[in-house]
Amino acid sequence: MGSGAPVESASPSRRGFLRGRVRAVAPAMRPPWAREEHDFISSCTRCDICIDACPTAILVRADGGFPAVDFSLGECTFCGECVTRCAPRALLRRAEGEAPWALKASIGQACLAEAGVECRVCGESCPTGAIRFRPRIGGVALPQLDADTCTGCGACFASCPTRAIVVRAESEVPTESEQ
Ligand code: SF4
Ligand code: SF4
Ligand code: SF4
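Residues numbered from 1 in each chain as written. Chains lettered and ligands numbered in written order. Predicted model: local features only at pLDDT ≥ 70, side-chain atom pairs only at ≥ 80, totals over all residues. Heavy atoms only, no water.

Caption draft 1: Structural context of the site of ligand 1. If you check the shell around ligand 1, you find 13 residues, and the closest are C54, C76, C79, G80 and C82. A breakdown of the residues in the shell around ligand 1 according to their chemical character gives 9 nonpolar, 3 polar and 1 charged. (Near = heavy atom within 4 Å. Nonpolar A, V, L, I, M, F, W, Y, C, P; charged D, E, K, R; others polar.)

Caption draft 2: Structural view of the UniProt feature "binding site: [4Fe-4S] cluster 2" (unreviewed entry) in the chain. The UniProt feature table records "binding site: [4Fe-4S] cluster 2" (unreviewed entry) at C76, C79, C82 and C86. Of note, C82 is situated in helix 4 (residues 81-85). Looking at where C86 falls in the secondary structure, it is placed in the loop between helix 4 and strand 3 (103-107). (UniProt positions renumbered as here; feature names shortened; annotations may be inferred. Helix = DSSP H or I, 4+ residues; strand = E, 2+ residues; numbered from the N terminus.)

Caption draft 3: Expanded view of the pattern of salt bridges. A full pass over the atoms with the stated rule returns 4 salt bridges. The salt bridge partner of R30 is E37, with a shortest N-O separation of 2.9 Å. With its nearest N and O atoms 3.0 Å apart, the salt bridge here joins R120 to E118. Judged by its relative accessible area of 37%, R120 is partly exposed. (Salt bridge = Lys/Arg side-chain N within 4 Å of Asp/Glu carboxyl O. Buried < 20%, exposed > 50% of the residue type's maximum accessible area, 1.4 Å probe, protein only.)

Caption draft 4: Structural context of the site of ligand 3. For ligand 3, the set of nearby residues contains 14 residues, the closest of which are C126, C150, C153, G154 and C156. Of the residues belonging to the shell around ligand 3, the class tally is 10 nonpolar, 4 polar and no charged.

Caption draft 5: Focus on the UniProt feature "binding site: [4Fe-4S] cluster 3" (unreviewed entry) in the chain. The UniProt feature table records "binding site: [4Fe-4S] cluster 3" (unreviewed entry) at C150, C153, C156 and C160. Along the polypeptide, C150 turns up in the loop between strand 5 (139-145) and helix 6 (155-159). Residue contacts for C150: discarding those within four places in its chain leaves K104, A105, T128, A130 and L145. One can find C160 in the loop between helix 6 and strand 6 (165-169). Looking at C160, the relative accessible area reads 11%, which means it is buried. (Contact = heavy atoms within 4.5 Å.)

So this is what it looks like as structure tokens:
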């Protein structure tokens, strides 16, 4: 009797494990002009040519040997060397005026200015002027990032002394009301 085994709910440790797995399989940040992930994976031959071609050396071999961007190593200048040299067209130029990727930066709570410490490093590193500082009466100026001007180049990421900046897919950037 009672042939069916009881269905167990996930234990806390199992839930943690499952959450860890979700983080582990989050899509890597591919080089600029990468095709949609499924098409990218099926066309990239893992030849490393884009990695070797990148003058700022921000492309690394990631999971499975596929290339990904590591902004802790530097920024993307959108020089186009990677896309130009990608023979199997896993990286493919888009229509005129279309951005090479959908990455955007956002600034989190670890920002020194939030803690009352004067810092404008990110604004000084940003090549597009996307980070402006809003003066505050009785406090230090806070950085404000204009997502429309941000190209997701990553120049601000490594320069931030507290790693307060995150660069990620535009769809994952929290809106002001979510921050
Ligand atoms: S566009 Fe240039 S700087 Fe950016 S990832 Fe490609 S080769 Fe590197
Ligand atoms: S560099 Fe970092 S700590 Fe400094 S203002 Fe920008 S986000 Fe804040
Ligand atoms: S990712 Fe590049 S363009 Fe965007 S705010 Fe940072 S430095 Fe500026």
